[in-house]
Amino acid sequence: MTPLDSTARRQLEAYLDNLRFQQRLSPHTLAAYGRDLHRLETYCATRNIAAWRDLQPRDLREHLAERHRQPVGSRSLQRELSAIRGLFAYLIKQG
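Residues numbered from 1 in each chain as written. Predicted model: local features only at pLDDT ≥ 70, side-chain atom pairs only at ≥ 80, totals over all residues. Heavy atoms only, no water.

Asker: Would you mind going over the layout of surface pockets in detail, with residue names and values included?
Answerer: By volume, the largest pocket is sized at about 150 Å³. Around the largest pocket, the lining residues are D5, T7, A8, Q11, A51, W52, R53, F88 and L91. Among the elements that take part in the lining of the largest pocket, helix α1 (residues 6-22) stands out by supplying three residues, more than any other. Within the lining of the largest pocket, the residues separate by chemical class into five nonpolar, two polar and two charged. (1 Å grid on protein atoms, 1.4 Å probe; cavity = no way out; pocket = protein on both sides within 12 Å on 5 of 7 lines; lining within 4 Å. Points joined across faces, edges and corners; volume = space filled by probe spheres on them. Helix = DSSP H or I, 4+ residues; strand = E, 2+ residues; numbered from the N terminus. Nonpolar A, V, L, I, M, F, W, Y, C, P; charged D, E, K, R; others polar.)

Asker: Could you give an account of the packing of helix α2 (residues 27-46) against helix α4 (residues 74-94), with specific residues and numbers?
Answerer: Where α2 contacts α4, the two axes come as close as 9 Å, and the packing angle between them is 75°. Taken as axis vectors, α2 and α4 run roughly perpendicular relative to one another. The segment α2 lies against α4, with A32, Y33, D36, L37, R39 and L40 engaging R79, E80, S82, A83, I84 and L87. Its residues placed into classes, the contact of α2 with α4 shows seven nonpolar, one polar and four charged. (Axes fitted to C-alpha atoms, helices over the stretch in contact; angles between N-to-C directions. Parallel < 35°, antiparallel > 145°, perpendicular 65-115°, else oblique. Contact = heavy atoms within 4.5 Å.)

Asker: If you had to explain the packing of aromatic side chains to someone new, which residues and values would you point to?
Answerer: Within this structure, the stated rule accounts for two aromatic pairs. Taking 6.1 Å as the distance between ring centres and 80° as the angle between the ring planes, the aromatic pair formed by W52 and F88 counts as edge-to-face. Within this pair, whereas W52 is found in the loop between α2 and α3 (57-69), its partner F88 is found in helix α4, the two being separated by 36 residues in sequence. Residue F88 is classed as partly exposed on the basis of its relative accessible area, which comes to 22%. (Phe/Tyr/Trp six-rings, centres within 6.5 Å; stacked < 30°, edge-to-face > 60°. Buried < 20%, exposed > 50% of the residue type's maximum accessible area, 1.4 Å probe, protein only.)

Everything listed here is a matter of geometry and, on its own, says nothing about what the molecule does.
Structure, rendered in structure tokens:
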């Protein structure tokens, strides 16, 4: 199991800080996004994906399919996908 590298971890924390301070998400929503993205981080570690740029669309589909097989509601899955999309939009914007 390879955890995300330090750059990817900093990027994740910077995104969550952006949501907290710039977007001013509610504490409840922020906590949910944090949990969702940490689940993705765990998925990446189990697949030896160390950087966000190495995460492929098929990996995201597999991760979400695994979550769907668990007793996770559709709204929770939609929120998780929104958190992931937001992270990647933030990463693209940051260059």
